[in-house]
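What follows is each chain in one-letter form.
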Amino acid sequence: MKPKVKICCISSTAEAQLAIACGAAALGLVGHMPSGPGVISDAQIREIARSVPPPVATFLLSCRTDAQGIIAHHSLVHTSTIQLVDALQVGTYAQIRQALPGVKLVQVIHVVGDESVEEALRIADEVDALLLDSGNPNLQVKELGGTGRVHNWKLSRKIRESIQKPLFLAGGLHAGNVQEAVETVQPFGVDLCSGVRTNGKLDPAKLEQFFEAIAHV
């Protein structure tokens, strides 16, 4: 089965329509972050999410680390999915599920070493999917995505083989490396931002090249 493609850092309804027309199965909408690209207002996220037709999924990227804060953030935007880009520190996934029963939960694991494998194993059963990225939440100013860096795909493969949930692979993907990435990790889906952009804008030519590369996986 071909991996699903999630295009992140969508900044407008026009970008959403372009990504969907090219074949995107999911769109990432970035809320407030301590660093990184693609941040838009909650009002913009709500507007874009409202414009997206099913079955295309809309992901709210939230850096909040408490369950009630995440629930409150979602209440402002009404996406189909919440992508938790940092570790949940206060409250539980069960609290979020109880408050938002129809909303999917995707936890980001930033692949920095063997401890990331342990983190993934601990969390996988609590969420609907994991997304492996190349940030570093341990820095003074946290990197929680959008770095454009590739991480160790062997660790990603180890995580994929150890869990029973769908897994998205992110981190520095583009038309030139996505085939190798998919062959190495065999993810359910791939997620990218900078790899299909020029000067921060979604680039139709790069999108076409990426989907052409995916078609030959």
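Residues numbered from 1 in each chain as written. Predicted model: local features only at pLDDT ≥ 70, side-chain atom pairs only at ≥ 80, totals over all residues. Heavy atoms only, no water.

## What about the nonpolar core?
Next up, step 1: Ranked by size, the top nonpolar core spans 56 residues in total, and within it I7, I10, I96, L130 and I159 carry the most contacts.
Next up, step 2: With five residues, helix α8 (residues 204-215) is the largest single contributor of residues to this core.
Next up, step 3: With near-sequence residues (within four places) excluded, L130 lies in contact with V106, Q107, I109, A120, I123, A124, I159, I163, P166, L167 and F168. (Core = buried A, V, L, I, M, F, W, Y, C linked by side-chain atoms within 4.5 Å. Buried < 20%, exposed > 50% of the residue type's maximum accessible area, 1.4 Å probe, protein only. Helix = DSSP H or I, 4+ residues; strand = E, 2+ residues; numbered from the N terminus. Contact = heavy atoms within 4.5 Å.)

## Some remarks on the packing of aromatic side chains
Next up, step 1: Taken as a whole and assessed by the stated rule, the structure comprises three aromatic pairs.
Next up, step 2: Pairing F168 with F188 gives two aromatic rings, centres 5.5 Å apart and planes at 80°, and the pair type is edge-to-face. Taken together, the residues span a long stretch of sequence, with F168 in strand β7 (residues 167-170) and F188 in the loop between α7 (178-185) and β8 (189-192) at a distance of 20 residues.
Next up, step 3: Taking the centre distance of 6.1 Å and the plane angle of 85° together, the rings of F210 and F211 count as edge-to-face. Summarising the burial analysis for this pair, F210 and F211 share the class buried. (Phe/Tyr/Trp six-rings, centres within 6.5 Å; stacked < 30°, edge-to-face > 60°.)

## Some details on unusual backbone geometry
Next up, step 1: In the segment running from P54 into P55, the intervening peptide bond is cis, with an omega of 10°.
Next up, step 2: Take P55: it is sitting in the loop between α2 (42-51) and β3 (57-62).
Next up, step 3: Residues other than glycine seldom take positive phi values, yet H78 does so here, at roughly 60°.
Next up, step 4: Its location among the elements puts H78 in the loop between α3 (67-75) and β4 (81-84).
Next up, step 5: Its identity is not glycine, yet N199 carries a phi of approximately 55°, on the positive side.
Next up, step 6: Here N199 is to be found in the loop between β9 (197-198) and β10 (201-202).

## Considerations on the environment of T65
Next up, step 1: Tracing the backbone through its elements, the reader meets T65 in the loop between β3 and α3.
Next up, step 2: In sequence terms T65 and Q89 are 24 residues apart; their C-alpha atoms lie 5.4 Å from each other.

## A look at α7
Next up, step 1: Those residues of α7 that fall on the buried side of the exposure criterion are V178, A181, V182 and V185. Buried positions in α7, seen along its axis, are confined to an arc of 95° and lie on one side of it.
Next up, step 2: Looking at the packing, one finds that the buried side of α7 touches α6 (153-162), β7, β8 and α8.
Next up, step 3: Once α7 finishes, Q186 follows within two positions and takes phi at roughly 55°, a positive value. (Arc of directions from axis to C-beta.)

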